[in-house]
Amino acid sequence: MKIMDKIQNINFIKLLLDNGQEVTIHKDIYFKNYLFETEELSQEQLSEIIKQNQFLLAKDTLLSYIKRYPLKSEKQYISYLITKGFDIATAQKAVAYFINNGYINEDINIKKVIKKYKGKKSIKELKYILKKNGFKENLINSIDFSEISDQGYLDKLIEKKVKKIKNKNDYNQINKLIRYLISKGFEYERIIEKIKELKLL
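Reading the values: rules and limits
Residues numbered from 1 in each chain as written. Predicted model: local features only at pLDDT ≥ 70, side-chain atom pairs only at ≥ 80, totals over all residues. Heavy atoms only, no water. Helix = DSSP H or I, 4+ residues; strand = E, 2+ residues; numbered from the N terminus. Buried < 20%, exposed > 50% of the residue type's maximum accessible area, 1.4 Å probe, protein only. Contact = heavy atoms within 4.5 Å. Areas by Shrake-Rupley, 256 points an atom, 1.4 Å probe, with all protein chains shown as cover. Patch = residues over 30% accessible without salt bridge, like charges linked within 9 Å, V, L, I, M, F, W, Y side chains within 5 Å. Salt bridge = Lys/Arg side-chain N within 4 Å of Asp/Glu carboxyl O. Lys, Arg positive; Asp, Glu negative; His and termini not counted. Charge placed at Lys NZ, Arg CZ, Asp CG, Glu CD. Pairing = 2+ DSSP bridges.

Please clarify how the overall build of the chain should be interpreted in this entry.
Check the secondary structure of the chain and you find ten helices and three strands. Along the chain, helices and strands appear, N-terminal first, in the series β-β-β-α-α-α-α-α-α-α-α-α-α. Overall, the C-alpha framework of the chain stretches about 85 × 30 × 25 Å when taken along its three principal axes. Counting the 201 residues in the chain, one finds 37% classified as buried. Considering only intrachain contacts with a sequence separation of at least 6, the fraction spanning at least 24 residues in the chain is 51%. Only carbon and sulfur atoms are counted for the fraction: they give 49% of the accessible area of the chain, which is about 12800 Å².

In structure tokens:
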């Protein structure tokens, strides 16, 4: 294919090919492949240039996203790039690039997410958040959750809900409270212990 024209913008160059195709590429790819002195391309060369260009654009797109949302999982970063129109192979390659260069570290991100929600979520809710966000199962399982106390959060929830119970002898209200706390991921025995401490049972 012959290159009929090269239209240069600030950061991009549009190649007009003799088959009517228009290909816009980043200036870095343009100069890297010496296209400024090239007048003809094979289909194989064009495919490789497009692949390089997509990888560069994926890296730029992902870097901007990482700066705004640094606590995502690898899976979430890949999904984001796919929503931006990149194919899965390019998305995975871009994420791998940032993993290898230390920009993405799931092990560190998991610990930061736990720190963010500590005292605001139960252990069960924390695990759910991590799984929902796509963090690797083996990394989640490697965390010693027994070292993370959610007792303060349980106490705060119970005390907040108890204030809304007008009749402390209303067992329907107490049972409703118990069901609510179980749904938040707390064990029945711990809930009962705290409720008894508050002399509600």
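Picking up after the structure, the text goes on.
Just checking my understanding: could you explain a positive patch on the surface for this structure?
A cluster of basic side chains, namely Lys 116, Lys 120, Lys 156, Lys 160 and Lys 164, defines a positive patch on the protein surface. Its place among the elements puts Lys 120 in the loop between helix 5 (106-117) and helix 6 (123-132).

What is the right way to look at the pattern of salt bridges in this model?
Charged atoms that come close allow side chains of opposite charge to pair. On inspection of all chains with the given rule, the structure shows twelve salt bridges. Note that Glu 74 and Lys 136 form a salt bridge whose closest N and O atoms lie 2.8 Å from each other. With Glu 74 in helix 3 (residues 74-83) and Lys 136 in the loop between helix 6 and helix 7 (137-141), the pair connects residues that are 62 residues apart, well separated along the chain. When the shortest N-O distance is used, the salt bridge between Glu 125 and Lys 184 registers 3.0 Å. You can see Glu 125 sitting in helix 6 and its partner Lys 184 sitting in the loop between helix 9 (171-183) and helix 10 (188-197), a full 59 residues away along the chain. Exposure class is identical for Glu 125 and Lys 184. Each is buried. One salt-bridge network, held together by shared partners, links Asp 155, Glu 159, Lys 194 and Glu 197.

Explain the pairing of strand 1 (residues 3-8) here, please?
A regular strand carries its side chains on alternate faces of the sheet. Judged from the five bridges that link them, strand 1 and strand 2 (residues 12-17) form a sheet pairing that is antiparallel. Bridging across to strand 2, Asp 5 finds its partner in Leu 16. Counting the residues in the hairpin turn of strand 1 and strand 2 gives three residues.

As far as function goes, none of this settles anything; it's purely spatial.
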